[in-house]
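Residue-level listing of the chains:
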Amino acid sequence: MKGKRLYQLVQELNKTEHRQLVNACKLSADKRSAAIVDLLRKRNLTEKSFELWLSQLVSSWNIKTLAEQDRNQRRWVDFACKEVEKLVLKNRLEDSHAYNHELSQIFDLRNHEDLTAYYNRKAIDEASQKNDYNTLIAEYDISLRWLGRNQSKANIAKIAELLMLRKEVTELHYHENMSYFYSVSSALYIDNPGDVSYKRIVPAPTEFNALKKTAKDEYSLILYMLAEARFHFYQLKKFESLLTDAIVSIENAKLDEKSKILLQRNWLYLRITGGIYYQYPLVQMIDDASRMFNIQLKYKMHDTIGFFFLLFFLLLKGDVESYEGLLRKHRASFFTDDSNDYLHFLQALTCYLKGEIKQAIGLLMHTSYSQSSYIATWSRLLEIKIHLEEGDIRFTRVLLIRAKRLLKMSKRQRLLYEPASATIAALGAILKGQPATNDGSAFQYYHFILQNR
């Protein structure tokens, strides 16, 4: 897509930034700014209509050669991107403690004692309020350097006090970084628990206990608890025990509302993942997905996977009406060209539920080759189900062979591989006229695949 970065930057502007940029471009003496104003007046452009608008803009320049058109287009897009970027950076500096932090560093490098001290004090005060440990460490170091130049009795006392603060903030910063590291690595571990690299990453129980004991802030402590639960994902009793401990700690934490809610979202995501593997009741999973989705809406977190879960579970329940209502209202915010496979899979499932078999097969022909191994596998299972019900035994056999081959490539993804391979084996048994184990204990989608229409 031509001009993709510019399109994304414009879409990210909030109302205030949008108005600021329009006004700035109107006052600009640069003639190129007029086109930016025209673009900003068309805020609801889709990617396709944006490309059309950009082509029309280039045509209006009356440039004859294609090479020159392309060159001028790239120059204008780069100019427009920089105008948006400058505005966003300007607002960040004016509205955040980064402003005083930058000035403190600038005047420290210029060796101006009074100005450095003034902006240093303001930066420390603001960073303390926001728990910005990176900035605090940098500003404490500036203070220590200046105090160290004149080691009077008063300054030596200040140095000792600052060193204690520097140590405390360093420890907080350490746990902030380590809890984030274990959050990410534990989430990846669930998909690939057999990967040898995790044997070097997963901390021993004693190490996790030490991290939790030394973490002075509740947010890092709870992130450690959630990471520990993820690392025990495939030990059901331990996993559920740790999950229970984590939600109790979240509910009792003396944190600000946003921090608690975001931790709740992490917990809900983890329990939904557990539900997909351990067959939690669909009603519970819909409730968890709804709660998680409401958090995403409140904090404008356009997480495609979170929204997908809610829509997916509603379809498995057979609640097509609620699914379609949510999709109409929020589709544009949660699905992009890069995540359309998730949407097309849901549409294929909807078509199947409505009896629109040809449309379902048409969509599945694409999603069966999705880059997401989950979407690709779930699509192939639905494709097999459809052709089996249609009585096309020969093609069903072909699809089963292809599905097995595909799934072998995901063998290390235990969360997907184990239930999907069991479902494929059950479909193979049905194809041979043999009874397939189907007690309804599997995640509802796998149970749905084995049900008769």
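Check the entry above for the structure.
Residues numbered from 1 in each chain as written. Predicted model: local features only at pLDDT ≥ 70, side-chain atom pairs only at ≥ 80, totals over all residues. Heavy atoms only, no water.

A.B. asks: Teacher, can you tell me more about the overall build of the protein here?
C.D. replies: For the protein, the helix and strand inventory stands at 23 helices and zero strands. The principal-axis extent of the C-alpha atoms belonging to the protein is close to 90 × 70 × 35 Å. When the 453 residues of the protein are sorted by exposure, 46% land in the buried category. Long-range contacts, defined as pairs at least 24 residues apart, comprise 63% of the intrachain contacts of the protein with a sequence gap of at least 6. For the protein, the accessible surface area stands at approximately 25,200 Å², while carbon and sulfur atoms represent 52% of it. For the protein, the separation between the mean place of its 65 positive charges and that of its 53 negative charges on side chains is 4 Å. (Helix = DSSP H or I, 4+ residues; strand = E, 2+ residues; numbered from the N terminus. Buried < 20%, exposed > 50% of the residue type's maximum accessible area, 1.4 Å probe, protein only. Contact = heavy atoms within 4.5 Å. Areas by Shrake-Rupley, 256 points an atom, 1.4 Å probe, with all protein chains shown as cover. Lys, Arg positive; Asp, Glu negative; His and termini not counted. Charge placed at Lys NZ, Arg CZ, Asp CG, Glu CD.)

A.B. asks: Help me understand helix 7 (residues 113–130) in this model?
C.D. replies: The periodicity of an α-helix, 3.6 residues per turn, causes residues three or four positions apart to be oriented the same way. With 18 residues, helix 7 should reach 26 Å at 1.5 Å per residue; the first-to-last C-alpha distance of 26 Å fits that figure. Three or more residues of helix 7 are buried, namely Thr116, Tyr119, Asn120, Ala123, Ile124 and Ala127. The buried residues of helix 7 occupy one face: seen down the axis, they fall within an arc of 145 degrees. Of the exposed residues in helix 7, those oriented more than 90 degrees away from the buried face are Asp114 and Gln129. Where the residues of helix 7 are buried, they touch helix 6 (98–109) and helix 8 (133–148). At the C-terminal side of helix 7, Asn131 shows a positive phi close to 55 degrees. (Expected span 1.5 Å × (residues − 1). Arc of directions from axis to C-beta.)

A.B. asks: Hey, could you run me through the side chain of His173 in this one?
C.D. replies: Tracing the backbone shows His173 in helix 9 (residues 153–191). Those residues in contact with His173 that sit more than four places away from it in its chain are Tyr133, Asn134 and Ile137.

A.B. asks: Could you clarify how one ought to interpret the packing of helix 2 (residues 15–27) against helix 3 (residues 33–40) in this entry?
C.D. replies: Each pair of packed helices can be described by the angle between their axes along with the distance between the axes. Where helix 2 contacts helix 3, the two axes come as close as 8 Å, and the packing angle between them is 150 degrees. By the angle between their axes, helix 2 is roughly antiparallel relative to helix 3. The handedness of the crossing between helix 2 and helix 3 comes out as left-handed. For the pair helix 2 and helix 3, contact is made by His18, Leu21, Val22, Cys25 and Lys26 and by Ser33, Ile36, Val37 and Leu40, respectively. Looking at the contact of helix 2 with helix 3, its residues break down into six nonpolar, two polar and one charged. (Axes fitted to C-alpha atoms, helices over the stretch in contact; angles between N-to-C directions. Parallel < 35°, antiparallel > 145°, perpendicular 65-115°, else oblique. Left-handed = near helix turned anticlockwise from the far one by under 90°. Nonpolar A, V, L, I, M, F, W, Y, C, P; charged D, E, K, R; others polar.)

A.B. asks: Help me out: how do you make sense of the pattern of salt bridges in this one?
C.D. replies: A side chain of one charge can pair with a side chain of the opposite charge when the charged atoms of the two come close. Tallying each qualifying case throughout the model produces 20 salt bridges. Glu85 is paired through a salt bridge with Arg5; the nearest N and O atoms lie 2.5 Å apart. Of this pair, Glu85 sits in helix 5 (residues 66–95) while Arg5 sits in helix 1 (residues 4–12), placing them 80 residues apart in sequence. The class of Glu85 is partly exposed, set by a relative accessible area of 29%. A salt bridge links Lys42 to Asp38, with the shortest nitrogen-to-oxygen separation between them at 2.9 Å. Judged by relative accessible area, Asp38 falls into the partly exposed class, the value being 29%. In the salt-bridge network here, residues are joined through shared partners; they are Arg5, Asp78, Lys82 and Glu85. (Salt bridge = Lys/Arg side-chain N within 4 Å of Asp/Glu carboxyl O.)

A.B. asks: Help me understand the packing of aromatic side chains in this model?
C.D. replies: Any aromatic ring pair is given by two values, namely how distant the centres are and how the planes are angled relative to each other. Per the counting criterion, the structure on display carries 44 aromatic pairs. Relative to Trp76, the ring of Trp53 lies with its centre 5.8 Å away and its plane at 50 degrees, an arrangement referred to as tilted. A residue pair is termed long-range when its members are at least 10 positions apart, and Trp53 in helix 4 (residues 47–59) and Trp76 in helix 5 qualify at 23 residues. The exposure class of Trp53 is buried, given its relative accessible area of 6%. For Trp76, a relative accessible area of 4% puts it in the buried group. Positioned above the aromatic ring of Trp146, the side-chain terminus of Arg149 is 3.9 Å from the ring centre. Looking at Arg380, its charged tip hangs above the ring of Tyr369, at a distance of 4.7 Å from the centre. (Phe/Tyr/Trp six-rings, centres within 6.5 Å; stacked < 30°, edge-to-face > 60°. Lys NZ or Arg CZ within 6 Å of the ring centre and 35° of its normal.)

A.B. asks: Please clarify how the packing of helix 7 against helix 8 should be interpreted in this entry.
C.D. replies: One can describe the packing of helix 7 onto helix 8 by two numbers: an axis separation of 9 Å at closest approach and a directional angle of 150 degrees. Crossing of helix 7 against helix 8: the hand is left-handed. Here helix 7 contributes Glu113, Thr116, Asn120, Ala123, Ile124, Ala127 and Ser128 to the contact with helix 8, which in turn contributes Thr135, Leu136, Glu139, Tyr140, Ile142, Ser143 and Trp146. Along the lines of polarity and charge, the residues of the contact of helix 7 with helix 8 split into seven nonpolar, five polar and two charged.

Fair warning: the whole summary comes from geometry, so function is off the table for now.
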